[in-house]
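Residues per chain are reported as follows:
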Amino acid sequence: NGFVTVGNEKMSKSLGNFVTLRSMLDRHDPEVVRVFLLSKQYREPLNYDDASIGEAQKRVERWRALTTQIERSSHGHTAGAALAAPVCPARDAFWAALDNDFDFGRALVAIDDALETGARLHGADAATVLAFLREASAALGILWSLEADA
């Protein structure tokens, strides 16, 4: 099983490098903390440090910007009955990752891919990407701005 490390050292009260979830939430945006915690498969080691949280922060900021762009591109349109071809590989990869022993890191990469694809689409195709992103949001409790708009 994966250990949580702090600065690449095993987290331990005796070492004085113990970090609670509450202290993480006091220091960081809760959505960033969730994305950070989901960034690795649960059997892999997870290193908590400024660089790792910074990567999660950049990812969440990129997601927020791309989501806003996709929402504008899809304004007034609804998703088609079937997912548009460009988003199918990302959707399939997302669910395959979760089916593969909850590989959340790979699921997040699929969301990255869907957002990058969606940023190039317009109209109903962009709305279809948003439909998938809402699906992913409901599954993982991320992309909170989408939950409010649903």
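An account of the accompanying structure is given in this report. Computed from a predicted structure; not experimentally measured. (Residues numbered from 1 in each chain as written. Predicted model: local features only at pLDDT ≥ 70, side-chain atom pairs only at ≥ 80, totals over all residues. Heavy atoms only, no water.)

Considerations on the side chain of Ser73
Convention followed: Put simply, DSSP H or I for four residues or longer makes a helix, DSSP E for two residues or longer makes a strand, and each gets a number counted from the N terminus. For the exposure calls, accessible area comes from a 1.4 Å probe over protein chains only, and a residue counts as buried if that area is under 20% of its type's maximum, exposed if over 50%, partly exposed in between. In this description, contact between two residues means that some pair of their heavy atoms is separated by no more than 4.5 Å.
Relative to the helices and strands, Ser73 resides in helix 3 (residues 50-74). Look at Ser73 and you get buried, because its relative accessible area is 17%. Every residue in contact with Ser73, bar those within four places of it in the chain, is listed here: Leu121, His122, Gly123 and Ala126.

A short note on the packing of aromatic side chains
Quick reminder of the rule: Each pair of aromatic rings taken from Phe, Tyr and Trp, with Trp reduced to its six-membered ring, is defined by centres within 6.5 Å and is described as stacked if the planes are under 30 degrees apart, edge-to-face if over 60, and tilted in the remaining cases. Definition used: whenever NZ (Lys) or CZ (Arg) falls within 6 Å of the ring centre and also within 35 degrees of the ring normal, the charge is taken to sit over that ring.
Evaluation of the coordinates by the stated rule reveals four aromatic pairs. Relative to Tyr48, the ring of Phe36 has its centre 5.8 Å away and its plane inclined at 70°; by these criteria the two rings are edge-to-face. Here Phe36, found in helix 2 (residues 30-38), pairs with Tyr48, found in strand 3 (residues 46-48); they are twelve residues apart in sequence, far enough to count as distant. You can call Phe36 buried: its relative accessible area is 3%. Accessibility expressed as a relative area gives 6% for Tyr48, which makes it buried. When the ring of Phe102 is compared with that of Phe104, the centres are 6.0 Å apart and the planes differ by 25°; the resulting orientation is stacked. Taking relative accessible area as the criterion, Phe102 reaches 47% and is therefore assigned partly exposed. Here the aromatic residues Phe94, Trp95 and Phe132 are joined through ring pairs into a cluster of three or more. Here the guanidinium or amino end of Lys13 rests over the ring plane of Phe18, the centre of that ring lying 5.7 Å away.

Interpretation in functional terms is not warranted from these geometric data alone.
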